[in-house]
Amino acid sequence: MAFNSLPIDALKMKMDEAVRFLSISLSIANAHTVDFYTRDVWSTFISASPDEVLSAINSSVRAGAAEGKKNTTFGFCNTTKKLVDVSAILMAAKEHSLSGLEVCMQVEELMHDLKLMNEDIVAGERLDRCVVPGEFMNCKKSHEVRAMSEVVNGLAKCCKVKQVIDVGSGKGYLCTFLSVQFNLQVFGIDSSSTNTHGAQERNRKLKKFSKDYKKHSRATRNQEVQHSNDGDYRTEKHSNTDQEVGSTNGSTPAQSCASQDQVTTDVSSKKAIECTADTNDCDGDGFFNMLSPDVVEDNSPRVHPSQLSEEEKERRKRENLERKTREGLRSGSDDILFSPLTSYVTAETELKTLITELEDAVLVGLHTCGDLAPSTLRMFRAKQELRAVCSVGCCYHLLSEEFDPDRQECADGVCGFPMSQFLKDQACFCGRNARMSACLALERVSAGGGLRMESLFFRAVLHVILRDHYDSFKSEKRVGNVYSKSTSFVDYVRRALKKLDLDDTKLPDDVIQNYHERYSHRMNEMVAFNMLKVTLAPCIEGLILLDRLCYLKEQENVSHSALVQLFDPLQSPRCYAIVGIK
């Protein structure tokens, strides 16, 4: 698929197909696991045994198209509205996912098309000395930053701009890499002052080590030239596991990559080893390993300006002004720092009040949470100086929906879904539980990742206990993650009751345990039901993303737009980017 090759009318037809399928199947995705036993969810929605469902799911990869049962639509009985044909819904889910609808292009195709649009872009371009994130980031973040930074650099060259604005920049991982690797001037905007303070600290370290790194690189190049002239030059390739690691715990980079959430805490004594220009597999950790990864991303929710105190507003203005003053004093070609700013931004935000030196720029967002992803696209449309956009969203459950009957008022009166006029005209609505289901990772589950079913089972049975003994179906307080601290079901219930400020002494241990035994034989119902939710997840995510793509295609000032698979879904489940050029 070529960049911008999908006409808007063809896209709308695909969206209509997805809407029709989800209008029937969303009942499963919108059922809450907490209510699984109190509302007898299985019997309400499914007319098949759990074993039938699990067997069909396990064999769906090998199964071909099968003739559906009569009087059904996508496997649901037209009369009872219950699921009766599991194979039919599985087949329909595949057909209505992004891959099944054939609306997504691969990142290699995008880079090829960008190259054709601009002669300055070299296919497979790498800098002469690639700077590798290494253990400065965990493996998931490193994979994301590498892939996205190449696309952003390609967009910047295509639009002939040198500035990038990263919305929801967090601790500045992408900003730092774009600045160091591609020599772009990057402004990172985040509503969390904690994140921008972390980015400032990273700036300080970059300033301290950048000259040393460049000296090291020049010295290494000189040595290689000398060895080559002597006829003795050889390139030795060392695997990450063979490198000397100076951390106190003795862990290796390979061990660090074994866990996606692990970030090594001592890399100060590692050597910076560069990779050659003709390979993606780097021999070492590069400049980033000279920095201590002492900050972890904070997924703090955005705080709307109306909720900030006057003191906080003044503090943010003062900090941003001081930061701009410091930036104005910077000079010299060795400067590779980016500018972190603290602000809540919307499409109405006047960017030039935040960035006085703003020129034409590329707008980016890497895993922008909830409504921030659609806000990024609206900002791109509204600001003429933003020439291109690359947006990867996440946290669909935090999206606001315009046609949700239970919704609270959207921030600034603008909701995150739907964005396109096409779905607005249909009053399209998903529901929070369905959007929560959209966050599930089908590829990881299919690869054996599985679901944490016992914790879900404990929570559902706890809800039965609350109904029977406390008359508490709803509570403003949350149970939270007490499962990880619990040694048994009895211990879990007691911890949860205390968290909810309920008297746990009225229930003896044997009464609590009896609930576990009463429902344990029905746990397979919950397993099968949640596997159906996982199967539907790509379809719900797909509709949300197609809505965003349609929004861009509806704009007269956007010449090119596409949905691109940017990441490996096993490493990063939220792997799709909305890309647009004016």
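Residues numbered from 1 in each chain as written. Predicted model: local features only at pLDDT ≥ 70, side-chain atom pairs only at ≥ 80, totals over all residues. Heavy atoms only, no water.

## Things to note about the nonpolar core
Quick reminder of the rule: Definition used in this section: a nonpolar core is a set of buried Ala, Val, Leu, Ile, Met, Phe, Trp, Tyr and Cys residues joined via side-chain atoms within 4.5 Å. Note on classification: 1.4 Å probe, protein chains only; a residue is buried when its accessible area is under 20% of the maximum for its type, exposed when over 50%, partly exposed between these limits. For helices the rule is a DSSP run of H or I covering at least 4 residues; for strands it is a run of E covering at least 2, with both sets numbered from the N terminus onward. Only heavy atoms enter the contact rule, under which two residues are in contact if any of them lie within 4.5 Å.
Ranked by size, the top nonpolar core spans 144 residues in total, and within it Met 148, Ile 165, Cys 390 and Leu 566 carry the most contacts. With 17 residues, helix 20 (residues 523–553) is the largest single contributor of residues to this core. Leaving out residues up to four positions away in the same chain, Met 148 has contacts with Leu 174, Val 364, Gly 365, Leu 366, Cys 390, Val 392, Leu 566 and Phe 567.

## Remarks on the sheet that holds strand 4 (residues 163–167)
The line we're drawing: DSSP calls a pair of strands paired once it identifies at least 2 bridges connecting them. Between N-to-C directions, angles span 0 to 180 degrees; the directions come from axes that are lines fitted to C-alpha atoms, helices contributing only their stretch in contact.
In spatial order, the strands read 3-9-10-8-7-4-5-6; together these eight strands make up an open sheet with mixed pairing. Strands with a single pairing partner mark the edges of an open sheet, and in this sheet they are strand 3 (104–106) and strand 6 (339–342). Each adjacent strand pair in this sheet contributes to an overall mean axis angle of 25°, direction not counted. As paired elements, strand 8 (residues 386–394) and strand 10 (residues 576–581) share four bridges and run antiparallel to each other. Across the sheet, the residue bridging to Ala 388 is Ile 581, located in strand 10. Running over the sheet, helix 7 (residues 139–159) touches strand 4, strand 7 (361–369), strand 8 and strand 10 and is turned about 155° from strand 7. Packed onto the sheet, helix 8 (residues 173–182) meets strand 4, strand 5 (185–190) and strand 7 and runs at close to 175° relative to strand 5.

## So, the packing of helix 3 (residues 50–59) against helix 4 (residues 86–95)
Let me state the cut-off plainly: In these notes the angle categories are as follows: under 35 degrees is roughly parallel, over 145 is roughly antiparallel, 65 to 115 is roughly perpendicular, and the rest is oblique. Crossings are assigned a handedness: left-handed for a near helix turned anticlockwise from the far helix by less than a right angle, right-handed for a clockwise turn. In this classification, Asp, Glu, Lys and Arg are treated as charged, Ala, Val, Leu, Ile, Met, Phe, Trp, Tyr, Cys and Pro as nonpolar, and every other residue, Gly included, as polar.
Their axes nearest at 9 Å, the elements helix 3 and helix 4 cross at an angle of 40°. As summarised for this structure, helix 3 and helix 4 are arranged oblique, according to the angle between their axes. For the element pair helix 3 and helix 4, the recorded crossing hand is right-handed. Mapping the contact onto sequence places Val 53, Ala 56 and Ile 57 in helix 3 and Val 86, Ser 87 and Leu 90 in helix 4. Tallied by class, residues from the contact of helix 3 with helix 4 come to five nonpolar, one polar and no charged.

## Structural notes on helix 17 (residues 453–470)
Selection criterion: Helix span, as expected, comes to 1.5 Å for every residue beyond the first.
In this model, helix 17 (18 residues) spans 25 Å end to end at C-alpha, consistent with the 26 Å of a helix rising 1.5 Å per residue. Taken together, the buried positions of helix 17 are Met 453, Ser 455, Phe 457, Phe 458, Ala 460, Val 461, Leu 462, His 463, Val 464, Ile 465, Leu 466 and Tyr 470. Where helix 17 is buried, its residues touch helix 18 (489–499), helix 19 (509–520) and helix 20. Of the residues one or two after helix 17, Asp 471 is the one with positive phi, at around 50°.

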